[in-house]
Every structure is written in C-alpha cells, then in structure tokens.
Amino acid sequence: MPRLQRLTEAKSLAGLILVMDGETPVPDMSEVPALLTGVFRSLQTLMRSPGKAFCLLIKRHLDASSPAATAAGGVEGMFLSAALEYPSVLFRCVSLDDDTGLQSALDVALDTRRYPVQISFRGQEPFTQAAKVHPIL
Amino acid sequence: MKGEPNLRLDPGDVVVISGGGRGITAYLALALAPFRPTLVLLGRHELNSEVDNEALIEASGPVDEEARRAGEKNLA
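The structure contained in this document is the topic of the report that follows.

What counts as what
- Residues numbered from 1 in each chain as written.
- Chains lettered and ligands numbered in written order.
- Predicted model: local features only at pLDDT ≥ 70, side-chain atom pairs only at ≥ 80, totals over all residues.
- Heavy atoms only, no water.
- Helix = DSSP H or I, 4+ residues; strand = E, 2+ residues; numbered from the N terminus.
- Contact = heavy atoms within 4.5 Å.
- Areas by Shrake-Rupley, 256 points an atom, 1.4 Å probe, with all protein chains shown as cover.
- Buried area = accessible area lost by both parts, 1.4 Å probe.
- Salt bridge = Lys/Arg side-chain N within 4 Å of Asp/Glu carboxyl O.
- Polar contact = N/O pair within 3.5 Å; in protein donor to acceptor, adjacent residues only side chain to side chain.
- Nonpolar A, V, L, I, M, F, W, Y, C, P; charged D, E, K, R; others polar.
- Buried < 20%, exposed > 50% of the residue type's maximum accessible area, 1.4 Å probe, protein only.

1. Quick notes on the overall build of chain B
So, step 1. Per the secondary structure count, chain B includes three helices and two strands.
So, step 2. For chain B, the sequential pattern of α-helices and β-strands runs β-α-β-α-α.
So, step 3. Expressed as a percentage of contacts within chain B between residues at least 6 apart in sequence, the contacts between residues at least 24 apart total 56%.
So, step 4. In the form shown here, chain B has an accessible surface area of approximately 5400 Å², with 52% of it arising from carbon and sulfur atoms.

Below is the structure:
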C-alpha cells in the first residue's frame, strides 16, 4: 500500500490545474460548496508554498445552468481575488470551445506577458472582457 | 506591472491536476512532462488495478531534452 502524503508536505508545490469539463459534470448543486471549499484549501496550501507559480482553470462544454458552471464561477472569483493579492503567481481561467486546440490555448494562457485572468477562446482566437462606465439614463 | 509572474518549473516541483486521468487532464500531464514535475492527479474514479501505470510511464521513454528546452522557452 503506497504511503499517503499531504499536499502540505510537498516540498515544492508549484501549480494547481483544475479542469471543469461538461463530460465529467458535478452531479448535484449540493456538492458545489464542498467542492469550492476543497479548491480554496488547495489554493491556500499552494499560496503558502515558496515554489508557487501558477493556477489554471480550464472550462469546456459547460452548460451555464449546470452545477459545474456554478462551481467554475466560484473558482473564477477565487482566482480573480487571489490574483490581486499574489501578483507573482499566474492565475488564468480559460474557456475553450470545440474548435480550440489545447496546445495553442495553453501557449496563450501561460504567456506571462498577457495580464487578463479570464480568457475565452472562439476557435483559436482568444478574447477577454472589458468593463465600461456608462450612465443608464 | 508589480511582481510580474515568473512561470518556472523545476524538476520535482509538484503540480496538482484535478479532473481525472483522461481527456484534457491526461493531455496536460503530457504537456508538463518535459519539465519532470511530480504530478498529482485528482479524480473521482479509482485507478484500474489491472493497468500497470508504472510500466506505462517507463514505456513512454526518457524525456527528450530538446522538447524540454522548447517547453522552457514557451513558459519563459
């Protein structure tokens, strides 16, 4: 029986990659809080590591009303907050569509010269979001 | 930008990948292989006990140095 080791025991914890794929959905909305708690604890452990380098969320085939999409939204919120607190760590939330090549998406997502945390791909082309102040009336 | 990310992976660095061991997750593991990290794969299914995973890893052969350098260049 292999010896179990805790993440906190890892000498050089460098990265965390979360794949939220519609093919392996979160079965029930009631599981989302526990999942997010687990991700948050993992994130805390990584941020305590001297070798921390990157956090990557990859989303694909997520139905917007699904529990998995809700969980992914929670992870994105964590990453956006953490990116402000830990500027030396690369945080990326990458949304892929059916025509996106994973290698080219990774090349963009892990490019440290690009600063947006959230990147959405349409085919091979990356997009991000911008906010504008605009009076309602 | 203050504290610009410095993405550098050294051999033995631990990377946790959540999402099982198939599909995108498996591809990500292969993409990181040139850096020789220690990978921790998280999933909901138990490993197939009939598959000799260590033999599969050995069969994939030694990491190609040129691929490793190319990967470092991409991550730099």
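Once the structure has been displayed, the description carries forward.
2. Focus on the interface of chain B and chain A
One frequently used descriptor of interface size is the decrease in accessible area upon assembly of the parts.
So, step 1. With 26 residues of chain B at the interface, the matching set in chain A holds 29 residues.
So, step 2. In total, about 2400 Å² of surface goes out of reach between chain B and chain A, with carbon and sulfur atoms giving 66% of it.
So, step 3. On inspection of chain B and its partner chain A, the count reaches zero salt bridges.
So, step 4. The tally of links from chain B across to chain A stands at nine residue pairs in polar contact (both at pLDDT 80 or more).
So, step 5. For the side of chain B that touches chain A, the secondary-structure elements that each account for two or more residues are strand 1 (14-18), helix 1 (23-32) and helix 3 (65-75) of chain B.
So, step 6. No other element matches the six residues that helix 1 of chain B contributes to the side of chain B that touches chain A.
So, step 7. For the side of chain B that touches chain A, the class distribution of residues is 15 nonpolar, six polar and five charged.

3. Details of the side chain of Asp111(A)
All names here are of chain A.
So, step 1. The topology assignment puts Asp 111 in the loop between helix 3 (102-109) and strand 4 (118-122).
So, step 2. Under the relative-accessibility criterion, Asp 111 is labelled buried at 11%.
So, step 3. A polar side-chain atom of Asp 111 sits 2.9 Å from the main-chain amide nitrogen of Arg 113.
So, step 4. Leaving out residues up to four positions away in the same chain, Asp 111 has contacts with Leu 90 and Arg 92.

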